[in-house]
Amino acid sequence: MLSKLVKEHQTHINKIKDENEVLRKEAINSIGTVTNGLLDSVNQGVASIFANQKKIENEARTLQTNTAKFSKQTSQWISLIENFNNSLKEIGDVENWAKTIENDMYNISNVIEYLYANVNHSVLQQQQQQPSNNNQQTTISQQPQPSSNNLIPETTNK
């Protein structure tokens, strides 16, 4: 009987050990499943963050490239505008020069007309002051000597 009790006890202990072993394996499997689920959840978050980081880096590179292109194009536009402004200044300088020349020519023309009018007037006065008998005494063979006042030919005024 004692041996029977020991055998039963041994059987019962083996049975409990087997049940514990099965329960331990189920617990390990459950813990593995829960751990895998948690890791998958965390990994998905990390994976989405990593994917977003890659997208941001790509967009930053694209933005940097576009900014460089825009900067270059802006520099070209600024250069074109400066050249255009310089051309406009040169045109303004030429126009100003032309106006100055025109005004100088107008002044010169007025001075020449004034001098011509005064010379003709003084020549006419000299001719009127000479006695009429001097005109009759000059012969065809004698040519009158030109005076300094008679250098400009007579023409009609405008």
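Residues numbered from 1 in each chain as written. Predicted model: local features only at pLDDT ≥ 70, side-chain atom pairs only at ≥ 80, totals over all residues. Heavy atoms only, no water.

Note the following rule: UniProt positions are given in the numbering used here, feature names are shortened, and annotations may be inferred rather than shown by experiment.
The name an unreviewed UniProt entry assigns to the protein is Biogenesis of lysosome-related organelles complex 1 subunit 1, from the organism Tieghemostelium lacteum. According to UniProt, the comment filed for the protein under the heading Sequence similarities (unreviewed entry) is "Belongs to the BLOC1S1 family."

With respect to the overall build of the protein
Definition in use: Helical segments are the DSSP runs of H or I of at least four residues, strand segments are the runs of E of at least two, and each set is numbered from the N terminus. Burial here depends on accessible area, computed with a 1.4 Å probe over protein chains only, as a share of the maximum for the residue type. Under 20% is buried, over 50% is exposed, and the range in between is partly exposed. Residue burial considers only the protein chains on display, and all accessible areas are found by Shrake-Rupley using a 1.4 Å probe.
A tally of regular secondary structure across the protein gives two helices and zero strands. Relative to its full complement of 158 residues, the protein shows a buried share of 3%. Accessible surface, the protein: about 14,600 Å² in total, of which carbon and sulfur atoms supply 59%.

Some points on the pattern of salt bridges
Definition in use: For this document, the term salt bridge refers to a Lys or Arg side-chain nitrogen within 4 Å of an Asp or Glu carboxyl oxygen.
The final tally for this structure, using the stated rule, is two salt bridges. The shortest N-O distance in the salt bridge between Glu-95 and Lys-99 comes to 3.6 Å. Of this pair, Glu-95 and Lys-99 both sit in helix H1 (residues 2–129), four residues apart, which is roughly one turn of the helix. Judged by relative accessible area, Lys-99 falls into the partly exposed class, the value being 45%.

A closer look at a nonpolar patch on the surface
Applied cut-off: Patches here are clusters of residues that have more than 30% relative accessible area and form no salt bridge, with a 9 Å joining cutoff for like charges and a 5 Å cutoff for nonpolar side chains (Val, Leu, Ile, Met, Phe, Trp, Tyr).
Where nonpolar side chains cluster on the molecular surface, the patch consists of Val-94, Trp-97, Ile-101, Met-105, Ile-108 and Ile-112 and spans about 620 Å² of accessible area. Structurally, the position occupied by Ile-112 is in helix H1.

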